[in-house]
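Results of the structural survey
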Amino acid sequence: MSGKEEVLSRQISVKSKVRVQMPRKLRGILLGSAIPAVLLVVWQYLSHIGVFESHLMPAPTAVFDKLAEMVNDGSLYGHVGITLYRIFFGFVIGVSAAVVLGALVGYAKTAEHLLDPLIQAFRAIPSLAWVPLFILWMGIAEPSKITLIAVGVFFPVYLNIVSGIQGVDRKLIEVGKIYNFSDFELIKRIILPASLPSFLVGIRSGLGLGWMFVVAAELMGASKGVGYLLVVGQNTYSPDLVIASIVLIAILGKTSDSLLKKLEDRALHWQDSIGKKA
Amino acid sequence: MKMLALENISRTFANGSAGFKNVSLEAEKGEVIGVLGTSGCGKSTLLRVLSGLDQEYTGHVKVNGNAIKSVHKDIGIIFQEPRLMPWLTALENIAFGLKGAAKKQKQAEEFTNLVGLAGFEGHYPKDLSGGMAQRVSIARSLITKPEILLLDEPFSALDAFTKMQLQDLLLSIWKQYQTTMVLVTHDIDEALYLCDRIIILRGQPGEVYKELTVQQPRPRSRGDAELARQKEEILSFLNLNKTSQEDHYEKSNTPAK
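Residues numbered from 1 in each chain as written. Chains lettered and ligands numbered in written order. Predicted model: local features only at pLDDT ≥ 70, side-chain atom pairs only at ≥ 80, totals over all residues. Heavy atoms only, no water.

1. Quick look at the sheet that holds strand β2 (residues 18-27) of chain B
Residue and element names in this part refer to chain B. Pairing within the open sheet is antiparallel, and its four strands lie in the order β2-β1-β4-β5. The open sheet has two edge strands, β2 and β5 (66-68), and neither has a second partner. Each strand axis lies, on average, 30° off the axis of its neighbour in the sheet, ignoring direction. Summarising the sheet, strand β4 (residues 58-63) and β5 pair through three bridges and their orientation is antiparallel. Bridging from a neighbouring strand, Val-61 pairs with Ile-68 of β5. (Pairing = 2+ DSSP bridges. Helix = DSSP H or I, 4+ residues; strand = E, 2+ residues; numbered from the N terminus. Axes fitted to C-alpha atoms, helices over the stretch in contact; angles between N-to-C directions.)

In structure tokens, the structure reads:
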């Protein structure tokens, strides 16, 4: 009896030891992929027994085959490359414009009165409503797509910069004033670093919208790109291609967001918040 | 020439019912002046005016005989809260007010040692205790070598022991640099322990009600009988209110913000 208890308790202690020793990062990855893995298995099983009809919802293996096929014939790189190119330039242009205008509106009251109502009015227009105009002005080549993406990225970044700057603690700014900082020094040494957290939040949600708009732009008129693959999939009745494109977008979007998240953690390591303690 | 001279300074808000008025004051080099008063009598406003952060006042502030109207490099201030930049390390915070990179590092290290923070240079404010953070803030204000140091209830948020340690630190700094100090506080013991002269502000808006000198030579004992007697005296000054004694008593008991 007592021997059995001993064995039992020893087992428990070994188990907990293993859990402690597992690197935190690995544990996070394992936990994060547990549910997707289960869903994949269920999906595969349901496709296998015929609950999902293959001409509507192909099995994961079929989707994977399609992806592998595109990798093998080399067509995938071209599509992914052009999509990344569009989102990169759209994102950079949108963020740059938002930084300049956001800093101006956040810092100078006059600029706020002058510009903010106008920008807010523009924000009320769904960005997709611009599409006809952009195509009219710039044709269906790259400029109109990049502009659309830039417009989509602009607003969340702008809003977060303005609220970040306006939310900077007056007490910290006074410290700079005591040392007779010029406006430029105040912005550079206190206001920008202090508003960095909300700026990064804005950038991440901006990138999310960027992915949305790059796909929208490519759906509407492109001869290449991940969004174009969706259209091809629809027109050729190949759901495997549609799902493969969706998976591709998910992977690319998640990867780019993880990169930004990593950058955020790097830049904000000084923050004292719950998220950092875990 | 007086190090610091205030000539008939007034700064009021809310239709004249808050702030202070007609304050005149002179300080010699190296003098430590305490400003005592119940909350709402304009003590902190007085320091904001002196520091140049608040320029909406009437009257003149003179440093070494020159009238000033904005922030001045010879005047440093220590706030009630440390007000550290959370994204800078202790050392970088200390060097915050230094212009030009030359000797910055060395000077910052020197002042880190001065306030007893050697070994904590690389810590971020989130990892510092309240007392350590206030030490950083003291070093930050001293590093620009101000001739006049303004202190706005600098130790009021600290526990009793840390408070005593930092008061002694302040005295040792005063000994070394002979800085003129204006200390705003609502802690009578603190004022008696640190100051040469104590100004009592009263009323709303606050006016100079009484001025008394503390003769005891430093270092003073915290339990000194003469200081205890003066404390009684100050308490009686603060409680004697011609208009409404009870109202004033209540105010003196509300913790100052």
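2. As for the confidence of the model for chain B
Summary statistics for chain B give a mean pLDDT of 85 and a share of 92% for residues scoring 70 or more. Within the model, the stretch residues 241-257 of chain B combines pLDDT values under 50 with 18 contacts to residues more than four positions away or in other chains. (pLDDT = per-residue confidence, 0-100. Contact = heavy atoms within 4.5 Å.)

3. Some words on the pattern of salt bridges
Taken as a whole and assessed by the stated rule, the structure comprises 25 salt bridges over all chains. Taking the shortest distance from any N to any O, the salt bridge between A:Arg204 and A:Glu264 comes out at 3.4 Å. One end of the pair, A:Arg204, is in helix α9 (residues 183-220); the other, A:Glu264, is in helix α11 (residues 239-267), with 60 residues separating them in the sequence. Taking the relative accessible area as the measure of exposure, A:Arg204 reaches 25% and is therefore partly exposed. Look at A:Glu264 and you get buried, because its relative accessible area is 14%. With a shortest N-O distance of 2.7 Å, B:Arg83 and B:Glu81 are connected by a salt bridge. B:Glu81 sits in the partly exposed class, given a relative accessible area of 25%. Overlapping salt bridges bring together A:Arg170, A:Lys171, A:Glu174, B:Arg48, B:Glu81 and B:Arg83 as one network. (Salt bridge = Lys/Arg side-chain N within 4 Å of Asp/Glu carboxyl O. Buried < 20%, exposed > 50% of the residue type's maximum accessible area, 1.4 Å probe, protein only.)

4. Concerning a nonpolar patch on the surface
A grouping of A:Tyr85, A:Phe88, A:Phe89, A:Val92 and A:Ile93 is seen on the molecular surface, where their side chains present a nonpolar patch of about 460 Å² in accessible area. The topology assignment puts A:Tyr85 in helix α4 (residues 75-107). (Patch = residues over 30% accessible without salt bridge, like charges linked within 9 Å, V, L, I, M, F, W, Y side chains within 5 Å. Areas by Shrake-Rupley, 256 points an atom, 1.4 Å probe, with all protein chains shown as cover.)

5. Quick look at the pairing of β2(B)
All names here are of chain B. Both strand β1 (residues 4-13) and β2 contribute to a ladder of seven bridges, which runs antiparallel. By the bridge assignment, Phe-13 is partnered in β2 with Ala-18. Remark: four residues form the turn of the hairpin made by β1 and β2, two consecutive strands paired antiparallel; Ala-14 in that turn has positive phi of roughly 45°.

6. Points about the packing of helix α10 (residues 226-235) of chain A against α11(A)
Residue and element names in this part refer to chain A. As a packed pair, α10 and α11 sit with axes 8 Å apart at the nearest point and diverge in direction by 160°. It follows that α10 is roughly antiparallel to α11 by the angle criterion. With respect to the hand of their crossing, α10 and α11 are arranged in left-handed fashion. Residues Val-226, Leu-229, Leu-230, Val-232, Gly-233 and Gln-234 of α10 lie in contact with α11, whose contacting residues are Leu-241, Val-242, Ser-245, Ile-246, Leu-248 and Ile-249. A class-by-class count of the residues in the contact of α10 with α11 yields nine nonpolar, three polar and no charged. (Parallel < 35°, antiparallel > 145°, perpendicular 65-115°, else oblique. Left-handed = near helix turned anticlockwise from the far one by under 90°. Nonpolar A, V, L, I, M, F, W, Y, C, P; charged D, E, K, R; others polar.)

7. A few points about the pairing of strand β7 (residues 148-152) of chain B
Residues and elements named next belong to chain B. Buried residues dominate β7, accounting for five of its five residues. Pairing analysis gives four bridges linking strand β6 (residues 75-78) to β7, with the strands arranged parallel. When the bridges of β7 are listed, Ile-77 appears paired with Leu-150. Relative to strand β8 (residues 180-185), β7 is paired through five bridges, and the arrangement is parallel.

8. Re helix α5 (residues 109-124) of chain A
Residue and element names in this part refer to chain A. Along its 16 residues, α5 runs 22 Å from first to last C-alpha, staying within 8% of the 22 Å computed at 1.5 Å per residue. Approximately 40° is the largest bend angle found in α5, and it occurs at Leu-115, with the proline Pro-117 only one to four residues beyond. Buried residues of α5: Ala-111, Glu-112, Asp-116 and Ile-119, and no others. Tucked inside the fold, the buried residues of α5 contact α4 and α7 (142-166). (Expected span 1.5 Å × (residues − 1). Bend = angle between axes of the 7 residues up to and from the residue.)

9. Notes on the environment of B:Ala102
One can find B:Ala102 in the loop between α2 (90-94) and α3 (104-114). Sequence separation between B:Ala102 and B:His60 is 42 residues, and the spatial gap between their C-alpha atoms is 36 Å.

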